[in-house]
Amino acid sequence: MRLRNVKGASTIIENCPFIIKDYKEYKGKYKTIFNNNNPIHIEIGMGKGDFIIGMAKKYPEINFIGIEKFDSVIVRAIEKLDEEIPNLRLIRMDATEIEEVFDKEVDTIYLNFSDPWPKNRHSDRRLTSLKFLKRYDSLFKNEKTIIMKTDNRKLFEFSLIEFNNYNYKFEEISLDLYKDDIKDNVQTEYERRFHELGFPIYKIIVKK
Ligand SMILES: C[S@@+](CC[C@H](N)C(=O)[O-])C[C@H]1O[C@@H](n2cnc3c(N)ncnc32)[C@H](O)[C@@H]1O
């Protein structure tokens, strides 16, 4: 999801107190940002922020960090932050750098409606590729938990294989989230759109 240039995006990002600008400086000490020892959950590819903002409001005892690659997208999330949410911060960065940013401090990674990169030659760019799963290893504090939702059947199948090959255990799986249990579900922008169009939403929770 790349929006066309949003006027003044870089200034809005620069002036936003919820964006962590010097994010590599906090490697291994993210808890100092929140001033507590609560678990840290991150969303990679947060888009316009509905999920991470909704989660942070719903679970004040968890610290949330949303990561997004594009200025023009993250500004849309900033616009939604009209009140201070103490347990939420955002980072504008490409997740290929993620190993340089966190060290043994993350409890859960959310991957929601990640770009499918349908061409085989781009498979390493998928956020559930073996290449990314290896990058995530050093981020986690103890047990590794990844929670993924997507409307894309092929990306889902690819991810199941990658998780399995990298020894993740399947904890929960849904092939149609809205027909299963959605009581604690927080929607993303893409999820709302695809659900309204009648597409099934796939979800998996994996641990290792
Ligand atoms: C299809 S959108 C989904 C947005 C949101 N998660 C949702 O479910 O509505 C994927 C998002 O991931 C971001 N993204 C893709 N690759 C990324 C990367 N390597 N690092 C950070 N963000 C990335 C894109 O810019 C885009 O905003």
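Everything here concerns the structure above.
All figures in this text were calculated on a predicted structure; none of them were measured in a lab.

Chemist: Requested: an account of the pairing of strand E7 (residues 202–207), with residues and values cited.
Modeler: Counting buried residues in E7 gives 5 out of 6 residues, a clear majority hidden from the surface. Pairing between strand E5 (residues 140–150) and E7: 6 bridges, direction antiparallel. Note on E7: the bridge partner recorded for Thr-150 is Tyr-202.

Chemist: Outline the packing of aromatic side chains, supporting the account with residue identities and numerical values.
Modeler: Enumeration according to the criterion identifies 10 aromatic pairs in this entry. Note on Tyr-26 and Tyr-30: the rings are 5.8 Å apart at their centroids and 50 degrees apart in plane angle, and the pair reads as tilted. Look at Tyr-26 and you get partly exposed, because its relative accessible area is 25%. Residue Tyr-30 is classed as buried on the basis of its relative accessible area of 0%. Here Phe-156 and Tyr-202 contribute two aromatic rings whose centre-to-centre distance is 5.1 Å and whose plane-to-plane angle is 20 degrees, an arrangement assigned as stacked. One end of the pair, Phe-156, is in helix H6 (residues 153–165); the other, Tyr-202, is in strand E7, and 46 residues separate them in sequence. The burial state of Phe-156 is the same as that of Tyr-202; both residues are buried. Ring pairs connect the aromatic residues Phe-113, Tyr-190, Phe-194 and Phe-199, which therefore count as one cluster. Directly above the ring of Phe-132 sits Arg-135, whose terminal nitrogen or CZ lies 4.5 Å from the centroid. Sitting above the plane of the Tyr-168 ring, Lys-208 keeps its charged end 5.1 Å from the centroid.

What counts as what
- Residues numbered from 1 in each chain as written.
- Predicted model: local features only at pLDDT ≥ 70, side-chain atom pairs only at ≥ 80, totals over all residues.
- Heavy atoms only, no water.
- Buried < 20%, exposed > 50% of the residue type's maximum accessible area, 1.4 Å probe, protein only.
- Helix = DSSP H or I, 4+ residues; strand = E, 2+ residues; numbered from the N terminus.
- Pairing = 2+ DSSP bridges.
- Phe/Tyr/Trp six-rings, centres within 6.5 Å; stacked < 30°, edge-to-face > 60°.
- Lys NZ or Arg CZ within 6 Å of the ring centre and 35° of its normal.

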